Amino acid sequence: MKVKSILASAFIALLAIVPASAQDLRNCGTTEYHQHQLDTDPQLADRMADIETFTNNYVSTHTGQEKAIITIPVVFHVVYNTSAQNISDAVIYAQLDQLNKDFARLNSDAGNTPAAFQGLAANTQIQFCLAQRDPNGAATTGIERRQTTVTSFSSNNAVKYTANGGLNAWNSSQYLNIWSCNLGSGLLGYAQFPGGSAATDGVVCLFSTFGSLTLPGTSAPYNYGRTMTHEVGHWLNLRHIWGDANCGSDLVSDTPTQQTSNYGCPTFPRRTCGNTTNGDMFMNYMDYTDDACMNMFTTGQSARMAALFATGGARVGLTTSLGCTPVSQTGCGTPSGLAASGITTTTATLGWSAVSGATSYNVQYKLASATTFTTTSTTGTSLVLTGLTAASSYQFQVQAVCSSTSGTYSALTSFTTLSTGTTCTDTYESNETRTTAKTIATNSNISARIGTATDKDYFRFSTTSSARNIRVTVDQLPADYDVRLYNSSGSQLAISQNSGTTAESIIRNTNRSGTYFLQVYGYNGAFNASSCYRLRVDVSSSSFKTMSGADDSESIELEPLEALSLFPNPSTGNFTVSLLSDSENDAFVRVFDITGKAVVNTRFAATKGQNLFNVDLTGNAHGIYFVEVNQGATRLVKKLIVE
Ligand SMILES: [Zn+2]
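Residues numbered from 1 in each chain as written. Predicted model: local features only at pLDDT ≥ 70, side-chain atom pairs only at ≥ 80, totals over all residues. Heavy atoms only, no water.

## Regarding the overall build of the protein chain
When its secondary structure is counted, the protein chain shows seven helices and 29 strands. Whereas a compact globule of 643 residues would reach a radius of gyration of roughly 26 Å, the protein chain reaches 45 Å, over 25% beyond that. When the backbone C-alpha atoms are referred to their principal axes, the protein chain occupies close to 155 × 50 × 40 Å. Across the 643 residues that make up the protein chain, the buried fraction comes to 48%. Here the contacts in the protein chain between residues at least 6 apart in sequence split such that 68% fall between residues at least 24 apart. When the accessible surface of the protein chain is split by element, carbon and sulfur atoms take 51% of a total near 28,600 Å². (Helix = DSSP H or I, 4+ residues; strand = E, 2+ residues; numbered from the N terminus. Rg over C-alpha atoms; globule rule 2.2 N^0.38 Å. Buried < 20%, exposed > 50% of the residue type's maximum accessible area, 1.4 Å probe, protein only. Contact = heavy atoms within 4.5 Å. Areas by Shrake-Rupley, 256 points an atom, 1.4 Å probe, with all protein chains shown as cover.)

See the structure below:
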């Protein structure tokens, strides 16, 4: 009874000398909290004893300074009742900045450490980053907020459970959980030592202690963010510097033994426990002095913390956490170059660029007007969609799937299916024969349709003396179409008959102008009732070349052509000599009349393939002539009628 009475008196006396509220004395709940955890978790003491053994072994051979910097992902759970408790992002950033500066010994007040302790002060090589992805792999700001009906929390962990008015912890092997809330009973904060339950692992701080030396909170003199530095020290296995006992041990070798906690900001040296040299290290973050008075961790404390991150350490999982890796930088990129091709009324082929590391791709598409996607997967970089609705706008996007993670979906890309029957209008029908051919302009696209199995499309165009070279292109073929080129009298000059829907092309470089006819038709009755093809006739003063730059005559698929032919034949006098040559030798062309007299004797440069030479007999008598072509060892003769 006597003892109890004395203690009660002492407590009353203590209150008497503290002029304001209990919050004026630093009150860390960690020791009390820890005792409660030990009481309710019978195995906790054993787990912590194992961690302590591991730590002793580590510290005996390491200083902690040799390790690389460890960066710990942090999530802030802001639980507030009043708007004042809903601390701003700016305040949280300032707090995180102060925490990092304190742990790196980059705090602006590091110079306040007494000279006697400067040599012990440490950069802990531990840093903290705001989480950029949540435990589900989604992007996050690293700050989550909840308004609660709870007006004041205690150290009973309620703030760590959504069901109890707080917010649930994130996976503590990947994140440091920090809760901000209103704490009652003058409590500034409390932390859980390594070894405790994952569901409650982390640090809780009074909302008003959040801040920094440059952006102070509202709980002066505990408003420079040092409450969090202190509590995170606990979370990293540091004890109060006085060992929570009279001249106790904090399990660190380079911190002086001190009698108890210090408050306010003592004058150096403050000597206790028979320490007659430098006295208490009251400026250590693990004491109870004011925020403005704290400025250091020691090398021994740093080594103790580092043990947690060694192989087998209690918090080593944090060293491989992806919590601060942005979602987009996972190594599984976002597909680009999305495009739809081969679009018909009901189908389309989707394509995209390969993503490095992708093992497959998820493709989702929908009608632009719909709200839900159809999702499918493929290992390639294209996908054929079937069963689409005609004349409809669709959207699609693609996501890369890598071995360990998935990337983000690309932006939506749109395409529109063709309309049934009204895809294109053919303004050139009917043009089934050469005599009903429709005249088309050169150097511009036209669109027409082979609408039935017997449909043939004839076109007519002209070249001029300044633009005599011809290139005919028929593409965007909905079926297997071919094209033929005729001269003005209907003689076939060339044919292009590629298989399938490969585009057809005829190049004809010539030295004379004239009128030509084209026939586009379906091979073996091929047609498409809804889709048009595209036709373009280019004429130019320059010779056309094939895509490969090779001699243009090689691009022409010729009907079985005689080595020498003359057209038109009969002629009015002006005619063309067609020579199919297998050499580059000059061709000598002579024309003899019926008496054997040479009326023309000229020389042309020839190339391999078809050569066209213009010969003019205008002014000569009508009748029979013989056209002789000599090229190398080859001699060819044809009869020509002029009338
Ligand atoms: Zn504490």
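## As for the sheet that holds strand β8 (residues 348-351)
The strand order across the open sheet formed by three strands is β7-β8-β11, and the pairing between neighbours is antiparallel. Sheet topology places β7 (339-341) and β11 (382-385) at the edges, where each strand pairs with a single neighbour. With direction set aside, neighbouring strand axes in the sheet form an average angle of 25°. When β7 meets β8, the two strands line up antiparallel, connected through three bridges. In the sheet register, Ala-339 faces β8, and the bridge partner there is Gly-351. (Pairing = 2+ DSSP bridges. Axes fitted to C-alpha atoms, helices over the stretch in contact; angles between N-to-C directions.)

## A short note on a nonpolar patch on the surface
Taken together, the side chains of Ile-594, Ile-624, Phe-626, Val-637 and Ile-641 make up a nonpolar region of the molecular surface, amounting to roughly 400 Å² of accessible area. Elements supplying a minimum of two residues to the nonpolar patch: β28 (623-631) and β29 (634-642). By the secondary structure assignment, Ile-624 is in strand β28. (Patch = residues over 30% accessible without salt bridge, like charges linked within 9 Å, V, L, I, M, F, W, Y side chains within 5 Å. Salt bridge = Lys/Arg side-chain N within 4 Å of Asp/Glu carboxyl O.)

## Focus on the packing of helix α3 (residues 44-61) against helix α7 (residues 299-306)
A pair of packed helices is captured by two measures, namely the crossing angle of their axes and the spacing between those axes. Put simply, α3 and α7 touch, their axes get as near as 9 Å, and they point 125° apart. On the basis of the axis angle, α3 is oblique to α7. Between α3 and α7 lies a crossing of right-handed hand. Across the interface between the two elements, Glu-52, Thr-55, Tyr-58 and Val-59 of α3 pack against Ala-303, Arg-304 and Ala-306 of α7. (Parallel < 35°, antiparallel > 145°, perpendicular 65-115°, else oblique. Left-handed = near helix turned anticlockwise from the far one by under 90°.)

## Thoughts on unusual backbone geometry
Residues Glu-429 and Ser-430 are joined by a peptide bond in cis, for which omega reads -5°. Examined against the element boundaries, Ser-430 turns out to sit in the loop between β13 (413-416) and β14 (438-439). Note the cis peptide between Asn-569 and Pro-570, where omega equals 15°. By the element assignment, Pro-570 lies in the loop between β23 (564-567) and β24 (574-581). You will see that Gln-125, though not glycine, has its phi angle at about 65°, which is positive. Mapped onto the secondary structure, Gln-125 falls in the loop between α5 (115-118) and β2 (126-130). According to the relative accessible area criterion, Gln-125 is buried, its value standing at 14%. Unlike most non-glycine residues, Asn-237 shows phi in positive territory, near 80°.

## Focus: the coordination of the zinc ion
In an ideal tetrahedron of four donors about a metal, each angle is 109.5 degrees. In an ideal octahedron of six donors, the angles are 90 or 180 degrees. Donor atoms from the polypeptide that coordinate the zinc ion comprise Cys-28 (SG), His-230 (NE2), His-234 (NE2) and His-240 (NE2), at 2.0 to 2.2 Å from the metal. In this structure, the zinc ion is coordinated by four donor atoms arranged in tetrahedral fashion, with angles at the metal of 99 to 119°. Going along the chain, you hit the donors of the zinc ion in the pattern C-x201-H-x3-H-x5-H. For His-234, a relative accessible area of 1% gives the class buried. (Donors = N, O, S within 2.8 Å, 3.2 Å for Na, K, Ca; no water. Tetrahedral: all angles 85-135°; square planar, octahedral: opposite > 155°, others 65-115°.)

## What to know about helix α4 (residues 89-104)
Across its 16 residues, α4 extends 22 Å between first and last C-alpha, which sits within 8% of the 22 Å expected from 1.5 Å per residue. What α4 keeps buried is the set Val-91, Ile-92, Ala-94, Gln-95, Leu-96, Gln-98, Leu-99, Asn-100, Asp-102, Phe-103 and Ala-104. Those residues of α4 hidden inside the fold are in contact with β1 (70-80), β2, β3 (143-147), α6 (226-235) and α7. The positive-phi residue at the C-terminal boundary of α4 is Arg-105, with phi of around 55°. (Expected span 1.5 Å × (residues − 1).)

## Let's talk about the domain arrangement of the protein chain
Split into domains, the protein chain comes out as domain 1 (24-242 + 298-320), domain 2 (330-416), domain 3 (434-555) and domain 4 (564-642). Taken over C-alpha atoms, the centre of domain 2 sits 36 Å from the centre of domain 3. (Domains from an automatic or database assignment.)

## A word on the state of the cysteines
Under the defined criterion, the tally for this structure stands at four disulfides. A disulfide bridge connects Cys-129 with Cys-324, and the sulfur atoms are separated by 1.9 Å. Its S-S torsion of approximately 105° makes the covalent link between Cys-129 and Cys-324 right-handed. Pair noted here: Cys-129 is in strand β2 and Cys-324 is in the loop between α7 and β7, with a separation of 195 residues, a long-range link. Judged on exposure class, the residue Cys-129 and its partner Cys-324 are both buried. Put simply, Cys-265 and Cys-293 are joined by a disulfide, and their sulfur atoms are 2.1 Å apart. An S-S torsion of about 75° defines the bridge between Cys-265 and Cys-293 as right-handed. One end of the pair, Cys-265, is in the loop between α6 and α7; the other, Cys-293, is in the loop between α6 and α7, and 28 residues separate them in sequence. For Cys-293, a relative accessible area of 5% corresponds to the buried category. We note that Cys-181 lacks a disulfide partner, and the nearest cysteine sulfur, in Cys-205, lies 9.0 Å from it. Cysteine Cys-205 remains unbridged, with the sulfur of Cys-28 as its closest cysteine sulfur at 8.9 Å. (Disulfide = S-S within 2.5 Å.)

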